[in-house]
Amino acid sequence: MNSTINVINNRTSLRRFSEIDVSKKHKDIIIESALRAPTAGNLMLYSIIKIEDKEILKTLSHTCDEQPFIASASFALIFLVDYQKLYDYFSYNNYFSYCKEQGLQPKFPELSDLLLGSEDAICAAQNSVIAAESIGVGSCYIGDIIENYEIHQKLLKLEKLTFPLGMVVFGNYPEGDRPKPRPRFDKKFIVFENEYKKLSKEELDDMFASISKNFNVNNTLGAKNTAQMIYGRKFGSEFSEEMRRSAKKAYEAWLSYKDEQMKFF
């Protein structure tokens, strides 16, 4: 097995970091690797905000669902879906005039564009994670950057056509403390041949059996089985509700760009 496959198979999320900061050389390698990710039309429909300021990291440790370890990270990268640069470029080069000359109705980013940009952004994020692991730098994805849109919009000065898709925090591994990778679901439950396969109750119980072994279900939010435990901890939780609310607000801001710009057409 080659070194790249070994890195992928042994990488795991790190939530406790060494006090030694990641070097500038390694930060540059991680970011340059992110920028080499696949991208739709080579347009790189994302931006990356590098956070090294300890006060901002501390703020994010609170706004991202109270996760103290974020504040102890060496740095973070926030991956934004970003159509602002593209549409500013169009605007500076008179795309409204072009539309009028060609008899076209101006089009603005919608859900499909957000999804396409999300593919770009998450590819870049995963490149950064694998690159970091390959040089001995640990990382952890923070999906909770989607929460508290209004706070993050102000903190990060986000424009309407940006969407905070994900954050990754980075730090060196503590001496002698390298977590072991957690098991994944068997591929028979995830990989299907040629078409989607709807799993039976028995197959789903088998799929989630490994999780059942690791939790005392009856002591988790009154759950009586693993499914109720997962729902209660994730989808029925307060943080999940905040994420839904916040994502809706961010998407409303995304869509409002059209009304703002059509005033000038």
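Residues numbered from 1 in each chain as written. Predicted model: local features only at pLDDT ≥ 70, side-chain atom pairs only at ≥ 80, totals over all residues. Heavy atoms only, no water.

### Thoughts on the overall build of the protein chain
Condition: Per the convention used, a helix needs a DSSP run of H or I reaching at least four residues, while a strand needs a run of E reaching at least two, with both numbered from the N terminus. For every residue, the accessible area (1.4 Å probe, protein chains only) is compared with the maximum for its type, and the residue is labelled buried under 20%, exposed over 50%, or partly exposed between those bounds. The contact criterion used throughout is that any non-hydrogen atoms of two residues lie within 4.5 Å. Accessible surface area values rest on a Shrake-Rupley calculation with a 1.4 Å probe, where residue burial reflects the displayed protein chains alone. Under the convention used here, Asp and Glu are negative, Lys and Arg are positive, and both His and the chain ends fall outside the count. A charge is said to be at NZ when it belongs to Lys, at CZ for Arg, at CG for Asp and at CD for Glu.
Each helix and strand counted, the protein chain has 11 helices and four strands in total. Principal-axis analysis of the C-alpha atoms places the extent of the protein chain at approximately 65 × 50 × 40 Å. Across the 265 residues of the protein chain, 38% fall into the buried class. Considering only contacts within the protein chain whose residues lie at least 6 apart along the sequence, 77% involve residues at least 24 apart. Approximately 16300 Å² of the protein chain is accessible, and the part contributed by carbon and sulfur atoms is 53%. Across the protein chain, the centroid of the 35 positively charged side chains sits 3 Å from that of the 36 negatively charged ones.

### Points about a nonpolar patch on the surface
Where we set the bar: Patch membership requires over 30% relative accessible area and the absence of a salt bridge. Like charges are linked within 9 Å, and nonpolar side chains (Val, Leu, Ile, Met, Phe, Trp, Tyr) within 5 Å. By definition here, a salt bridge exists when the distance from a side-chain nitrogen of Lys or Arg to a carboxyl oxygen of Asp or Glu is within 4 Å.
A cluster of nonpolar side chains, contributed by Met1, Ile5 and Ile8, occupies part of the molecular surface with about 320 Å² of accessible area. Along the chain, Ile8 turns up in helix 1 (residues 3-10).

### Thoughts on the packing of helix 1 against helix 6 (residues 111-134)
For clarity, the threshold we go by: Inter-axis angles, ranging from 0 to 180 degrees, are taken between N-to-C directions of lines fitted to C-alpha atoms, where helices are fitted over the stretch in contact. Oblique is the label for any angle not covered by the other classes, which are roughly parallel (under 35 degrees), roughly antiparallel (over 145) and roughly perpendicular (65 to 115).
Two elements in contact, helix 1 and helix 6, have axes whose closest approach is 10 Å; the angle formed by their N-to-C orientations is 105 degrees. Taken together, helix 1 and helix 6 sit at an angle that is classed as roughly perpendicular. Contact residues: helix 1 offers Val7, Ile8 and Asn10, while helix 6 offers Ile130, Glu133 and Ser134.

### Points about the environment of Cys140
Assignment of secondary structure puts Cys140 in strand 3 (residues 137-142). A residue is classified by how much of its surface remains accessible, and Cys140, at 1% relative accessible area, is buried. Placed 63 residues apart in sequence, Cys140 and Leu77 show a C-alpha to C-alpha distance of 11 Å. With near-sequence residues (within four places) excluded, Cys140 lies in contact with Arg11, Ser13, Leu14, Arg15, Phe69, Met167, Val168 and Val169.

### Brief notes about the sheet that holds strand 4 (residues 162-172)
Sheet strands pair via backbone hydrogen bonds, and the direction of the pair is either parallel or antiparallel. Our working rule: When DSSP finds at least two bridges between two strands, those strands are taken to pair.
A sheet is described by the order of its strands in space; here four strands give the open sequence 1-2-4-3, paired in antiparallel fashion. Each end of this open sheet is capped by a strand with a single partner; those strands are strand 1 (46-51) and strand 3. Each strand axis lies, on average, 25 degrees off the axis of its neighbour in the sheet, ignoring direction. Inspection of the sheet shows strand 2 (residues 75-82) paired to strand 4 by eight bridges, in the antiparallel sense. Its bridge partner being in strand 4, Ala76 is matched across the sheet by Val169.

### Observations concerning helix 7 (residues 149-156)
Short version of the rule: This arc corresponds to the set of directions leading from the helix axis out to the C-beta atoms.
Turning to helix 7, its buried residues number three or more, namely Tyr149, His152 and Leu156. Viewed along the axis of helix 7, the buried residues span an arc of 70 degrees, placing them on a single side of the element. Tucked inside the fold, the buried residues of helix 7 contact strand 1, helix 3 (54-63), strand 2, strand 4 and helix 11 (238-262). Positive phi appears at Lys157, one or two residues downstream of helix 7, with a value of about 55 degrees.

### Focus: the side chain of Asp144
The line we're drawing: Whenever a nitrogen or oxygen atom comes within 3.5 Å of another N or O atom, the pair is scored as a polar contact, on the condition that within protein one atom can donate a hydrogen and the other can accept it, and that pairs from neighbouring residues in sequence are kept only if both atoms are in side chains.
Looking at the element boundaries, Asp144 is found in the loop between strand 3 and helix 7. Buried Asp144, no salt bridge; nearest opposite-charge side chain is Lys234, N-O distance 7.5 Å. Side-chain polar atoms of Asp144 contact the side chain of Gln67, separated by 2.8 Å. When near neighbours in sequence (up to four residues on either side) are disregarded, Asp144 contacts Thr63, Cys64, Asp65, Gln67, His152, Phe239 and Met243.

### What about the nonpolar core?
In plain terms, the rule: Among buried residues, those of type Ala, Val, Leu, Ile, Met, Phe, Trp, Tyr and Cys that are joined through side-chain atoms within 4.5 Å constitute a nonpolar core.
Formed by 55 residues in total, the largest nonpolar core has its most connected members in Met167 and Val169. Residue contacts for Met167: discarding those within four places in its chain leaves Leu60, Cys64, Ile70, Ala76, Leu77, Ile78, Cys140, Tyr141, Ile142 and Ile145.

Everything listed is a geometric property; what it means functionally is a separate question.
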